[in-house]
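# Working through the structure, step by step
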Amino acid sequence: FKDADLVFVLPVFSVPNDRKNENITPDKISKDIETFSNTKAIASYSFFDALEKIKTKIKTKTIIATLGAGNVYHLANLLKPLPRKPILERTVKFS
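On a predicted model such as this, the values are computed, not experimentally measured, just so you know. Sequence positions are assigned chain by chain, starting from 1 and proceeding in written order. Per-residue local features of the predicted model are confined to residues with pLDDT of at least 70, and side-chain atom pairs are confined, for both listing and counting, to 80 or more; whole-chain, interface and lining totals are unaffected and use all residues. Values shown for side chains rest on all heavy atoms present in the structure; no hydrogens or waters enter the calculation.

Moving on to the overall build of the protein. Under the scheme used here, helices are H or I runs from DSSP no shorter than 4 residues and strands are E runs no shorter than 2 residues, and both carry numbers assigned from the N terminus. For the protein, the count of helices and strands is 3 helices and 2 strands. Per-residue accessibility, obtained with a 1.4 Å probe over protein chains only, is compared with the maximum for each type, and a residue is labelled buried under 20%, exposed over 50%, and partly exposed between these values. Relative to its 95 residues, the protein shows a buried fraction of 24%. Residue contacts are counted whenever heavy atoms from the two residues lie within 4.5 Å of one another. In the protein, the proportion of contacts linking residues at least 24 apart, taken out of those at least 6 apart, comes to 55%. Here, Shrake-Rupley sampling with a 1.4 Å probe gives the accessible areas, and only protein chains in the shown set may cover a residue. Taken as a whole, the protein presents about 7800 Å² of accessible surface, with 55% of it coming from carbon and sulfur.

Our focus in this paragraph is the pattern of salt bridges. Here, a salt bridge means any Lys or Arg side-chain nitrogen found within 4 Å of an Asp or Glu carboxyl oxygen. With the rule as written, the count across this model stands at 4 salt bridges. Residue aspartate 32 is joined to lysine 28 by a salt bridge in which the shortest nitrogen-to-oxygen separation is 3.0 Å. Of the two residues, aspartate 32 and lysine 28 are both situated in helix 1 (residues 26–37); the distance of 4 residues between them amounts to about one turn of the helix. Residue aspartate 32 is classed as partly exposed on the basis of its relative accessible area, which comes to 29%. Between lysine 55 and glutamate 52 there is a salt bridge whose closest N-O contact spans 3.4 Å. Taken together, the positions of lysine 55 and glutamate 52, both in helix 2 (residues 47–57) and 3 residues apart, correspond to about one turn of that helix. Residue classification places lysine 55 among the partly exposed residues on the basis of a relative accessible area of 41%.

Keep in mind these numbers describe shape, not what the thing actually does.
Next up, the structure:
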């Protein structure tokens, strides 16, 4: 993340029967990103929370990338109504 201007972190999935992941939260991940990459990271606990935070930070010619498992790609649909025209939009879903 060292080359990113800003990273938004949403909740992560835990692996069934894996107690090691119980303490992994967006706040912890955000703090680790800031510590190890010197990049500002913002914890968000839902798509709508992230969307509201993104709206306050977005600038012209902004690149927004989503990365994660599950339905994180739905965030791209929520970002579409923002008042900026995307230069490139590509959603990849891994199964």
